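A structural walkthrough
Below are the chains, spelled out letter by letter.
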Amino acid sequence: MAETEIKAPITAPALREYPCIPALQPGAMDGVKPYVANDKVQEEVGFPGHLVDDWQPKALAKMGDLLGRYRSLKVFMDACVHCGACSDKCQYFLASGDPKNMPVARQDLMRSVYRRHFTLAGKLFPGLVGARELTKEVLDEWYSYYHQCSECRRCSVFCPYGIDTAEVTMAAREILDSVGYGQKYSNEIIAKVHKIGNNLGLPGPALANTLEGLEEDIKEDTGIDVRYPLDVKGAEVLLVTPSADFFAEPHIESLIGYGKVFHAAGISWTLASKASEAGNFGMFIGNYEHLRKIALRVREAALELGVKRIVVGECGHAWRVAYQFWNTLTGIGAGAKDPFAIQLQSQLDQRYRQPMHICEFTWDLIRQGAISFDKAANDHRVITFHDSCNVARASRMGDSPGGQFEIPRAIIRACANHYVEMAPGTTHEQTFCCGGGGGLLTDDLLDLRIKGALPRMESLRQAADERGVNFMATICAICKAQFTKVLPYYGFKMSMVGGVHQLVSTAIKLGDK
Amino acid sequence: MGNIDINGKSLETDEEGYLVNLSDWTEDTAQFLAQQENVELSPNHWEVINFLREYYTEFQIAPAVRVLTKAIGKKLGPDKGNSQYLYELFPYGPAKQACKIAGLPKPTGCV
């Protein structure tokens, strides 16, 4: 795999005072790509070990299969009129200048093949309609550029036809996997979640040990016995959170916050070793079977433990999967009709939203007066909020449109005195991706990740210089890990990023309930 | 996949330079891997490496960063029991870089 190594020195692009469309740099990101999954990883997740001999007919057959299964994909292939509205909306284009990172051009890598093989004009007059054969060079180009898209869907917000670019990327990755050309990072993680129960590979005893340590630490800090229960049958709430919350900094600070919220409100809860992962990388690779199988672990755990409510921790794409797909996949929410789904629907307490985001959970408790804060405890922080792409553009919270933007901000304002917004056009539904989402959060793509963070770093720099912002809160494990890594390249401290429930944890009153 | 040569023995590594077989690890291997990472191993580095390996033997996973900082704080003094100190020792990050040198698999996921 030596050819996949990125040898160029890694540096951050200079922040621009007035962000503008960059001069085109054709080929700037040519050949940038993550490690290809080896035979062992591929076979563990049920894909061919390496590129199969008859990959071309197989890839085209898979493409035909997806076009038949997903009407949306066919519409996205047909509908684009190349108006250019998306062209300057992608963080990877803005930072690299590579025209193939314009969303329209990245999609056209597939659309040109679609025209050649699935449209009459392309079959008869390929040269006239920009149709291309699926050659090995084209396949390699797919592997490279469809791993330079974080499936964040910012471009889709601006598309007058509503073309969902992320679905094109997902379809490309699914086709690549089906011919044995998978990505190491995502597929290794999917193998782990099936085998061990979480993306990290954290076995039950290690999880129990980590949670015990956490209880000791909090006792030492606060004098109070806050519990982090694991596999407790009959608990009211099952919390499903990204495994990074058990392992990494600053993620674990939010886990501490969740526990304090449950403690202060007096609601019984549990984590499950079987569902010790909210994340679902099946979505990143566009594979329905893995998406479903990973989601079903949550149902199994919920049925075993007999819980009444399911709450999802701070994880962006997990909330998209939970909010959009859990209902029909698992019966958490309405829609699924299989016997286990019906059993789960009757078990869950339907007076509450199922599933519920931890921010909705905490916000409801704040409104009821069930938890309260010493806001001054956060006075050393001037806070801003980074909307995570999958929460912002693919889900909702609460009862009204825009709840996914308002509820996390309302929690921050309830537990801290100093909150400011970053520049309009970089937040809410127009938020920029952190640069590491969609299966790109891997060391072999570090240069791409640093580039992808540029627009967010520019708005953060402005907020820091003009408004004194020293803390950027977010509700996604990928955002937290990505910013921790890239902030120093832009001259910020890595401790500047953290979770919303980290702020909750700092200020929540524990003793007087 | 790659290979590294330690004392005349060829050891298999993955694409990112992590040892494939954990039993291949020796102190000389650690010295070699550290050199590749531009890390000069001091006794304090060894405290971290040894703790990681002990924890891994018991739990089949590297410890959470918080568990590691607490353990190092107990061994080397409270001023060193924080992730900032661990980043001084292992600039690319205590989880990944220290695991690599200790011959353990890379922590995966959103970390």
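Parameters and conventions
- Residues numbered from 1 in each chain as written.
- Chains lettered and ligands numbered in written order.
- Predicted model: local features only at pLDDT ≥ 70, side-chain atom pairs only at ≥ 80, totals over all residues.
- Pairing = 2+ DSSP bridges.
- Helix = DSSP H or I, 4+ residues; strand = E, 2+ residues; numbered from the N terminus.
- Contact = placed C-beta atoms within 7 Å.
- Axes fitted to C-alpha atoms, helices over the stretch in contact; angles between N-to-C directions.
- pLDDT = per-residue confidence, 0-100.
- Nonpolar A, V, L, I, M, F, W, Y, C, P; charged D, E, K, R; others polar.
- Domains from an automatic or database assignment.
- Buried ≥ 20, exposed ≤ 12 C-beta atoms within 10 Å, placed from the backbone.

**Observations regarding the sheet that holds strand β3 (residues 309-312) of chain A**
Residues and elements named next belong to chain A.
- If you trace the four strands from one edge of the open sheet to the other, you get β2-β1-β3-β4, paired in parallel fashion. Edge positions in the sheet fall to β2 (269-270) and β4 (356-357), since each has one partner strand and no second.
- Those strands touched by helix α15 (residues 288-305) are β1 (237-240), β2 and β3, and its axis lies near 155 degrees from that of β1.

**Quick word on the confidence of the model for chain B**
- The pLDDT averaged across chain B works out to 94; a share of 100% of its residues lies at or above 70.
- As a predicted assembly, this complex carries a pTM of 0.96 together with an ipTM value of 0.96.

**Side note on the interface of chain B and chain A**
- In this assembly, 17 residues from chain B lie in contact with 32 residues from chain A.
- No other element matches helix α3 (residues 65-76) of chain B, which puts four residues into the side of chain B that touches chain A.
- Broken down by class, the residue content of the side of chain B that touches chain A amounts to nine nonpolar, four polar and four charged.

**Here we look at the domain arrangement of chain A**
Residues and elements named next belong to chain A.
- Each assigned domain of chain A is listed with its residue range as follows: domain 1 (19-24 + 33-182), domain 2 (199-326 + 357-363) and domain 3 (373-507).
- For domain 1 and domain 2, the distance between their C-alpha centres works out to 34 Å.
- Between domain 1 and domain 2, the residue contacts involve seven residues of the former and five residues of the latter.
- Here the residues of the side of domain 1 that touches domain 2 are counted per class, giving three nonpolar, no polar and four charged.

**A word on the environment of D443 of chain A**
- Turning to its location among the elements, D443 of chain A is positioned in the loop between α21 (403-415) and α22 (446-452).
- On the neighbour-count criterion, D443 of chain A (16 C-beta atoms within 10 Å) is partly exposed.

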